[in-house]
Amino acid sequence: MEKILSLFDTYPLEYKLGEFFVPFAAGMLILLLVIITLNILKKIKILNPKFPKKEKVRIDPSKTKETAYTLTYLIRRYNTPYNKQLLKRLEKFKYRKEVESFDKETLELISKFMEYMRRNYGGV
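Every value quoted in this text rests on a predicted model; they were computed, and no experiment measured them. (Residues numbered from 1 in each chain as written. Predicted model: local features only at pLDDT ≥ 70, side-chain atom pairs only at ≥ 80, totals over all residues. Heavy atoms only, no water.)

Engineer: So what exactly am I meant to see when it comes to the overall build of the protein here?
Structural biologist: Helix and strand content of the protein: five helices and zero strands. Each helix and strand of the protein, ordered N terminal to C terminal, gives the series α-α-α-α-α. Here the protein holds 124 residues, and 21% of them are scored as buried. Relative to all contacts within the protein whose residues are 6 or more apart in sequence, the contacts with residues 24 or more apart total 55%. Accessible area of the protein: about 10,500 Å², with a carbon and sulfur share of 60%. (Helix = DSSP H or I, 4+ residues; strand = E, 2+ residues; numbered from the N terminus. Buried < 20%, exposed > 50% of the residue type's maximum accessible area, 1.4 Å probe, protein only. Contact = heavy atoms within 4.5 Å. Areas by Shrake-Rupley, 256 points an atom, 1.4 Å probe, with all protein chains shown as cover.)

Quick look at the structure:
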């Protein structure tokens, strides 16, 4: 019976402060460095998916076929409310050997698309 009761005796805890504090401080320092690094990467827009790197894209409405392909590329990369409408209108300007110039409605839609890109994505 005494052996069983001796299992429940309390003993004072003995530990050295350095055994706990040094690993804790090292872990906190590593965590702090990771947080600072992630914030710096977000500020220089490496980890921010909403704003991809700015691309140098030139749109010349006089070159209808080239402009149609360039706009299709932009539509695939960025999400705008004009994507579906513009894709439908650009189909007839891409796959033919000889294409006519853009009509008035398509030019208006392209200008709305580009304005949206400037406002929300900082331009392209």
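Engineer: I'm lost on the packing of helix 3 (residues 64-77) against helix 5 (residues 104-121) in this one. Help?
Structural biologist: The geometry of a pair of packed helices is captured by two quantities: the angle between their axes and the separation between those axes. For the pair helix 3 and helix 5, the least separation of the axes is 12 Å and the interaxial angle reads 45 degrees. Considering their axes alone, helix 3 and helix 5 lie oblique with respect to each other. Once helix 3 is placed against helix 5, the crossing between them reads as left-handed. Each of Leu71, Leu74 and Ile75 in helix 3 lies in contact with helix 5, whose residues at this interface are Ile110, Phe113 and Met114. Considered class by class, the residues forming the contact of helix 3 with helix 5 number six nonpolar, no polar and no charged. (Axes fitted to C-alpha atoms, helices over the stretch in contact; angles between N-to-C directions. Parallel < 35°, antiparallel > 145°, perpendicular 65-115°, else oblique. Left-handed = near helix turned anticlockwise from the far one by under 90°. Nonpolar A, V, L, I, M, F, W, Y, C, P; charged D, E, K, R; others polar.)

Engineer: I'm lost on the environment of glutamate 105 in this one. Help?
Structural biologist: Structurally, the position occupied by glutamate 105 is in helix 5. Glutamate 105 sits 16 residues away from arginine 89 along the chain, and the two C-alpha atoms are 9.1 Å apart.

Engineer: Which parts of the structure should I look at to understand the pattern of salt bridges?
Structural biologist: Where charged atoms from two side chains of opposite charge come close, those side chains can pair. Under the defined criterion, the tally for this structure stands at four salt bridges. A salt bridge links aspartate 103 to arginine 89, with the nearest nitrogen and oxygen atoms 3.6 Å apart. Within this pair, whereas aspartate 103 is found in the loop between helix 4 (83-94) and helix 5, its partner arginine 89 is found in helix 4, the two being separated by 14 residues in sequence. Across the pair glutamate 115 and arginine 118 runs a salt bridge whose closest N-O atoms are separated by 3.1 Å. Of the two residues, glutamate 115 and arginine 118 are both situated in helix 5; the distance of three residues between them amounts to about one turn of the helix. (Salt bridge = Lys/Arg side-chain N within 4 Å of Asp/Glu carboxyl O.)

Engineer: Any chance you could explain the side chain of threonine 70 here in plain terms?
Structural biologist: Looking at the secondary structure, you find threonine 70 in helix 3. Using a relative accessible area of 18% as the deciding quantity, one classes threonine 70 as buried. At 2.9 Å, the side chain of threonine 70 forms a polar contact with the backbone oxygen of glutamate 66. Non-local contacts of threonine 70, meaning those with residues more than four positions away in its chain, are made with Val57, Arg58 and Ile59. (Polar contact = N/O pair within 3.5 Å; in protein donor to acceptor, adjacent residues only side chain to side chain.)

Fair warning: the whole summary comes from geometry, so function is off the table for now.
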